[in-house]
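Fold and contact review
Each chain, written out:
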Amino acid sequence: MQINNALWIKMWALGLALVIVVAALLVVSINPFEVALIYLALLAIMTGIGLMTNVWGGAAAAVVGVFAIVLFNQYSGIYPRENLVINIAAELIAFLLVGPLAGRLGGLLEQVHRQARHWRARSLERTVHQPDGTLKFEWAGARLDEEILRAVGFRRPLSVLALQIDPLAAEPDAAAQTAAQDAVLRLARSATEPPSVITRNKAGHILLLLPEHTPAQTEQLARNLTRLARKTRYFPAGNASLGLPLGEWGRVRSGIAALNGRPETGSSLLQRAETALLKGDSHV
């Protein structure tokens, strides 16, 4: 389907280019210089209208343009140069063809654009990761369910660490806040390795799924991240410097949840980590 569309676009573009060249040559050959400039501008306008609309819009523009040329020729008192091939009739036919051809090409381009947006949206729906590389939150519960089965079956530890950076300012800049969260995300990536997984929820909390991590190990990881966050730099949009100290913008706090021997699901474990974060039960 995409190959056929690409082929048709090339064919219509070639046809449109040929007709425009022929029309321009006829305009220059038949009309005086000043009139030719006006007609060339009219040709460009008709082509633009066709590309921005569709076949009908281009056809309407062509009819209006031809009508304007006929009226101008009739009342201008200028007698164009003509011969058997180069004449006003050929010029008008070329103008009539330009509008529909441009409209058809514009319609095909719009169709390809719609298809590209549609398939991009479908691909984003089907992927399990966000553009920043984190696991989509709706998939995090399913992934944790698998890790819980493994941890319970083999009697291995499993923890979840929730992180949030709180701004020191009462009304933080939105761009700076996004840059600060991205800096914390970079720290979390640098401090973990597979099979650990990182996700974000709608509230902007960063959640680390940590197989083989005991609560004590997770608390130590949270302390390390907090210590590093004071020294790392964040890069707000529009700032041309080498970044600003993250510790001057805000502070990182955390919440921890771990398997405790009771029946647990991935969603409930994530929720417990978020609850601990909001309550400050594990405030590093």
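Residues numbered from 1 in each chain as written. Predicted model: local features only at pLDDT ≥ 70, side-chain atom pairs only at ≥ 80, totals over all residues. Heavy atoms only, no water.

**Notes on the overall build of the protein chain**
For the protein chain, the count of helices and strands is nine helices and six strands. Computed over the C-alpha atoms, the radius of gyration of the protein chain is 33 Å, more than 25% above the 19 Å expected from 2.2 N^0.38 for a compact globule of 284 residues. Viewed in the frame of its principal axes, the protein chain has a C-alpha envelope of about 95 × 45 × 25 Å. Within the protein chain, buried positions represent 38% of all 284 residues. For the protein chain, restricting intrachain contacts to residue pairs at least 6 apart in sequence, the fraction spanning at least 24 positions comes to 70%. Counting every atom, the protein chain has about 16,400 Å² of accessible surface; 64% of that belongs to carbon and sulfur. Placing the 27 positive and 21 negative side-chain charges of the protein chain at their respective mean positions leaves the two points 6 Å apart. (Helix = DSSP H or I, 4+ residues; strand = E, 2+ residues; numbered from the N terminus. Rg over C-alpha atoms; globule rule 2.2 N^0.38 Å. Buried < 20%, exposed > 50% of the residue type's maximum accessible area, 1.4 Å probe, protein only. Contact = heavy atoms within 4.5 Å. Areas by Shrake-Rupley, 256 points an atom, 1.4 Å probe, with all protein chains shown as cover. Lys, Arg positive; Asp, Glu negative; His and termini not counted. Charge placed at Lys NZ, Arg CZ, Asp CG, Glu CD.)

**What about the packing of helix H2 (residues 33-52) against helix H3 (residues 55-76)?**
One way to put it is that H2 packs onto H3 with a least axis distance of 8 Å and a crossing angle of 165°. Accordingly, the angle class assigned to the pair H2 and H3 is roughly antiparallel. Like other packed secondary-structure pairs, H2 and H3 cross with a definite hand, here right-handed. Where H2 abuts H3, its residues Val 35, Tyr 39, Leu 42, Met 46, Ile 49 and Gly 50 lie against Gly 57, Gly 58, Ala 61, Ala 62, Gly 65, Ile 69, Phe 72 and Asn 73. For the contact of H2 with H3, the per-class residue count stands at nine nonpolar, five polar and no charged. (Axes fitted to C-alpha atoms, helices over the stretch in contact; angles between N-to-C directions. Parallel < 35°, antiparallel > 145°, perpendicular 65-115°, else oblique. Left-handed = near helix turned anticlockwise from the far one by under 90°. Nonpolar A, V, L, I, M, F, W, Y, C, P; charged D, E, K, R; others polar.)

**Some words on the pairing of strand E1 (residues 158-167)**
The buried fraction of E1 amounts to nine of the 10 residues, a majority that puts the element mostly inside the structure. Sheet analysis places E1 next to strand E3 (residues 206-211), joined by six bridges and oriented antiparallel. Among the inter-strand pairings, Ala 162 is bridged to a residue of E3, identified as Leu 207. In terms of strand pairing, E1 meets strand E6 (residues 250-258) through nine bridges, oriented antiparallel. Looking at the pairing, Val 160 lines up with Ala 257 of E6. (Pairing = 2+ DSSP bridges.)

**Section: the pattern of salt bridges**
Taken as a whole and judged by the stated rule, the model has 10 salt bridges. For the salt bridge of Arg 114 with Glu 110, the shortest nitrogen-to-oxygen distance reads 3.8 Å. In this pair, Arg 114 and Glu 110 both sit in helix H4 (residues 88-126), four residues apart, roughly one turn of the helix. For Glu 110, a relative accessible area of 36% gives the class partly exposed. As a salt-bridge pair, Arg 143 and Glu 147 come within 3.4 Å of each other at their nearest N and O atoms. (Salt bridge = Lys/Arg side-chain N within 4 Å of Asp/Glu carboxyl O.)

**Some remarks on the sheet that holds E1**
Paired through their backbone hydrogen bonds, the strands of a sheet run either parallel or antiparallel. Pairing is antiparallel in the open sheet, where four strands are placed in the order E2-E3-E1-E6. Bordering the open sheet on either side are strand E2 (197-200) and E6, each of which pairs with just one other strand. Neighbouring strand axes in the sheet, compared pairwise and without regard to direction, differ in orientation by 20° on average. As paired elements, E2 and E3 share four bridges and run antiparallel to each other. By the bridge assignment for E3, Thr 199 is matched with Leu 207. Helix-sheet contacts for helix H5 (residues 137-154) involve E1, E2 and E3, and the interaxial angle to E3 is about 20°. Taken strand by strand, helix H9 (residues 266-279) contacts E1, E3 and E6, and its axis lies near 140° from that of E6.

**Quick look at the packing of aromatic side chains**
A complete count under the given rule lists one aromatic pair for this structure. Look at Tyr 39 and Phe 72: their rings are 5.9 Å apart centre to centre, the planes differ by 75°, and that puts the pair in the edge-to-face class. Separated by 33 residues along the polypeptide, Tyr 39 in helix H2 and Phe 72 in helix H3 bring together distant segments of the chain. The exposure class assigned to Tyr 39 is buried, which follows from its relative accessible area of 2%. The class for Phe 72 is partly exposed, based on a relative accessible area of 33%. (Phe/Tyr/Trp six-rings, centres within 6.5 Å; stacked < 30°, edge-to-face > 60°.)

**A look at H9**
Between its first and last C-alpha atoms H9 spans 20 Å; for 14 residues at 1.5 Å apiece the expected length is 20 Å, and the two agree. Those residues of H9 that are buried lie in contact with H5, E1, E3 and E6. (Expected span 1.5 Å × (residues − 1).)

**Let's talk about the packing of helix H6 (residues 174-191) against helix H7 (residues 215-231)**
Where H6 contacts H7, the two axes come as close as 10 Å, and the packing angle between them is 130°. In terms of orientation, H6 and H7 fall into the oblique class. You can see that H6 and H7 cross each other, and the crossing is right-handed. From H6, Leu 187, Ala 188 and Ala 191 reach across to H7, where they touch Leu 221, Leu 225, Leu 228 and Ala 229.

Scope: geometric values only; no functional claims are made or implied.
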